[in-house]
Amino acid sequence: MPVRLAGKNASPYARLGNLKVLYLKLKSEFGFLDWWPGETPDKILIGAVLTQNTAWKNVEKAISNLEKAGMLSVCAIAGAENKTIEAEIRPSGFYRQKAAHLKGICMHIEENGGLSRFFRKDAHELRLELMALNGIGNETADSILLYAAGKPVFVIDAYTKRIMSRVYGISERLGYLSLQQIITNGIEKSIPLYKDFHAQLVELAKRYCRKKPLCGECPLRGFCLYANSSRA
DNA sequence: CCCCAGGCGTCCA
DNA sequence: TGGACGCATGGG
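Residues numbered from 1 in each chain as written. Chains lettered and ligands numbered in written order. Predicted model: local features only at pLDDT ≥ 70, side-chain atom pairs only at ≥ 80, totals over all residues. Heavy atoms only, no water.

(A) Here's a closer look at the state of the cysteines. Under the defined criterion, the tally for this structure stands at 0 disulfides. Not part of a disulfide, Cys 75 finds its nearest cysteine sulfur in Cys 106, a span of 9.3 Å. The thiol of Cys 224 is unpaired, and the distance to the nearest cysteine sulfur, on Cys 215, comes to 6.0 Å. (Disulfide = S-S within 2.5 Å.)

Written out as structure tokens, the structure is:
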């Protein structure tokens, strides 16, 4: 299904032939970023919820607390009291919401035969089921699908939107699924590529493509619309 | 003191 | 369908 090119954004989309070049440039700059190496699906799933609009440093504390309490599993969370979960994940912020969400998510998974059985479903069905749960939206669903379940689904986040906006002039208000389709149409379908590309974009956004960008030192300054505009 | 961080659900037009 | 708002801790 081709992406429809329309209006003033038609021309920047044509530049997406550079997408793989952009990835390779980032990879040569940051190296291969191995997110979640050897970690359990349970830990990755829980981390995906805890990191919602939250600095990763704080999530690490919450995960460490859960681990020490023997609660870093879908099964343990499903059987724990909300108050108990809240106490452990407090450093990750929004802790009452996240505790309630995690509990509901984990209970649903346990009631349906556990995580390994859950992840055996095909990506499309799994995505719909995840999205139906309270506390899981587009990004969290896709993070779980890619990093925990090992499905070929590209993750879009606020960093991805910002970078695509600045480099290619794609509107930041473009819908999640639209931007996801544009990107997956521009690179080959590969789980390791999807994993590393997303990680590279996060790294770029943290180091250079911040809200107040550091275009002068940015590895993408050579082919970024924003870096080469008068505003940068 | 301020702003920000790997979103999401709810409410409202 | 889309914008405003609440949720909360910890670091710069």
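Having seen it, we continue.
(B) Inspection of the protein's contact with DNA strand B at higher detail. What surrounds DNA strand B is a group of 22 residues, the closest being Trp 35, Gly 135, Gly 137, Thr 140 and Tyr 159. Put simply, 68% of the atoms of DNA strand B that lie within 4 Å of the protein are in sugar or phosphate. Listing elements by their share of the surface near DNA strand B, those giving two or more residues are α10 (138-148) and α11 (158-168). (Near = heavy atom within 4 Å. Helix = DSSP H or I, 4+ residues; strand = E, 2+ residues; numbered from the N terminus.)

(C) Focus on the confidence of the model for chain A. Taken as a whole, chain A shows an average pLDDT of 92; of its residues, 92% reach a score of 70 or greater. A low-confidence stretch, residues 1-11 (pLDDT under 50), is modelled with 10 contacts involving residues beyond four sequence positions or located in other chains. (pLDDT = per-residue confidence, 0-100. Contact = heavy atoms within 4.5 Å.)

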